[in-house]
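Fold and contact review
So you can see what is in the structure, the chains are spelled out below.
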Amino acid sequence: MINKVAIVTGGSRGIGRGIVLALAARGWGVTVNYRGNAAAAQETADLVTEAGSEALIVQADIGAAEDRDRLVQATLDRFGRIDLLVNNAGMAPRVRTDILQTGEESYDEVMAVNLKGPFFLTQRVANAMIELGKAGDVDRPAIVNIGSISAYTSSPNRGEYCISKAGMGMMTALFADRLAEYGINVYEVRPGIIETDMTSAVTEKYNKMIDEGLTPIRRWGHPDDVARAVVALAEGALPFSTGEIINVDGGFHLRRL
Ligand SMILES: NC(=O)c1ccc[n+]([C@@H]2O[C@H](COP(=O)([O-])OP(=O)(O)OC[C@H]3O[C@@H](n4cnc5c(N)ncnc54)[C@H](OP(=O)(O)O)[C@@H]3O)[C@@H](O)[C@H]2O)c1
């Protein structure tokens with residue numbers, strides 16, 4: 001028996017899987033989106049079923065317009081409602097390249113997946129939420145964007161990623177402003193260094209930096225750390241806040257002396 005329904009983009013692995021499982025444990029039905037790794041999506045969906053909830057797997061490239069439409073339509077066809085959109089799917093550049101050499105292909109791909117896709121998916125889902133709200137089918141739906149400390153932290157060897165996440169910061173503000181009148185709060189959860197496949201190539205580098213005190217809380221973050229924040233927001237823990245950024249980064253963002 002499900003209560004509410006969420007779309008979690010990139011819900012198959014990593015942080016997205018953590019969010020899916022935390023929502024499922026609290027009775028949410030979830031659309032688990034992925035791009036290429038079907039096995040991971042199936043594994044996540046099986047875990048949702050084990051938790052007593054319902055999962056719909058939808059393969060869709062968030063960077064492609066027709067895929068985004070299919071994702072939303074499939075969710076509405078299956079569940080008849082969308083109470084939460086989590087814009088989590090994201091990618092690092094396929095190859096880290098100094099900004100003096102960044103290629104246009106990598107720039108375009110990262111921006112399409114990390115910023116343009118989430119922008120137009122949010123637009124599509126927001127319009128659906130407005131209609132569902134008017135019909136009384138959903139009550140105070142919400143949108144949560146998964147940003148990054150890269151929104152304000154310079155990494156010149158993956159500049160296109162940083163720019164995409166900085167853009168997402170404004171995207172959060174824009175939709176928060178526009179959707180408040182419809183009772184739709186919009187938030188951004190900004191993870192720091194989280195242990196997933198995305199960071200597996202730089203484990204040694206980050207181990208050393210964390211050991212040396214990079215973050216006041218000296219450990220890696222885990223998908224569940226991010227998921228807890230998303231669940232709190234999704235369940236209305238901050239009803240009089242919108243456009244808010246929740247840092248889930250072990251204190252990385254603090255200026256220290
Ligand atoms: N890990 C960190 O330290 C960290 C820190 C700050 C922010 N973030 C952000 O958190 C989010 C999740 O990161 P993660 O570390 O969990 O990454 P991850 O382990 O690499 O997982 C990425 C997920 O996104 C999906 N995905 C990638 N491109 C997609 C596309 N075009 N369309 C649909 N799905 C797509 C993947 O599906 P497939 O498996 O099918 O490819 C997978 O489910 C990202 O937005 C990332 O920028 C991560």
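Read on for a plain summary of the structure. Note that the structure is predicted; figures quoted are calculated from it, not measured.

1. Observations concerning the overall build of the protein
The helix and strand tally for the protein stands at seven helices and seven strands. In the protein, the succession of α and β elements from N to C terminus is β-α-β-α-β-α-β-α-β-α-β-α-α-β. Since a compact globule built from 257 residues should have a radius of gyration of about 18 Å, the 18 Å found for the protein is in line with a globular shape. When burial is assessed residue by residue, the protein has 51% of its 257 residues classed as buried.

2. Looking at helix 1 (residues 14–25)
With twelve residues, helix 1 extends 17 Å from end C-alpha to end C-alpha; this agrees with the ideal 16 Å at 1.5 Å per step. Of all the twelve residues making up helix 1, nine are buried; the element is thus mostly covered by neighbouring parts of the structure. Among the residues trailing helix 1, Gly27 stands out with phi positive, at a value near 90°.

3. Quick word on helix 2 (residues 38–50)
The end-to-end C-alpha distance of helix 2 is 18 Å, a good match for the 18 Å that 13 residues give at a rise of 1.5 Å each. All buried positions along helix 2 are accounted for by Ala40, Ala41, Thr44, Ala45 and Val48. Looking straight down helix 2, one finds its buried side chains confined to an arc of 135°; they lie on one side. Exposed positions of helix 2 whose direction lies more than 90 degrees from the buried face are Ala39, Thr49 and Glu50. For helix 2, the elements touching its buried residues are helix 1, strand 2 (29–34) and strand 3 (55–59). The opening residue of helix 2 is Asn37, an N-cap whose side-chain oxygen sits 3.3 Å from the backbone nitrogen of Ala39. Count one or two residues on from helix 2 and you reach Gly52, which has phi positive near 90°.

4. Topic: the pattern of salt bridges
Counting across every chain of the model gives 16 salt bridges. A salt bridge links Arg70 to Asp67, with the nearest nitrogen and oxygen atoms 3.5 Å apart. Placement of both Arg70 and Asp67 in helix 3 (residues 65–79) is noted, with a separation of three residues, approximately one turn of the helix. When its relative accessible area of 38% is taken as the criterion, Arg70 is described as partly exposed. For Asp67, a relative accessible area of 13% gives the class buried. Because the salt bridges share partners, they merge into one network encompassing Arg35, Asp61, Arg94 and Glu109.

Criteria and cut-off values
- Residues numbered from 1 in each chain as written.
- Predicted model: local features only at pLDDT ≥ 70, side-chain atom pairs only at ≥ 80, totals over all residues.
- Heavy atoms only, no water.
- Helix = DSSP H or I, 4+ residues; strand = E, 2+ residues; numbered from the N terminus.
- Rg over C-alpha atoms; globule rule 2.2 N^0.38 Å.
- Buried < 20%, exposed > 50% of the residue type's maximum accessible area, 1.4 Å probe, protein only.
- Expected span 1.5 Å × (residues − 1).
- Arc of directions from axis to C-beta.
- Contact = heavy atoms within 4.5 Å.
- Polar contact = N/O pair within 3.5 Å; in protein donor to acceptor, adjacent residues only side chain to side chain.
- Salt bridge = Lys/Arg side-chain N within 4 Å of Asp/Glu carboxyl O.

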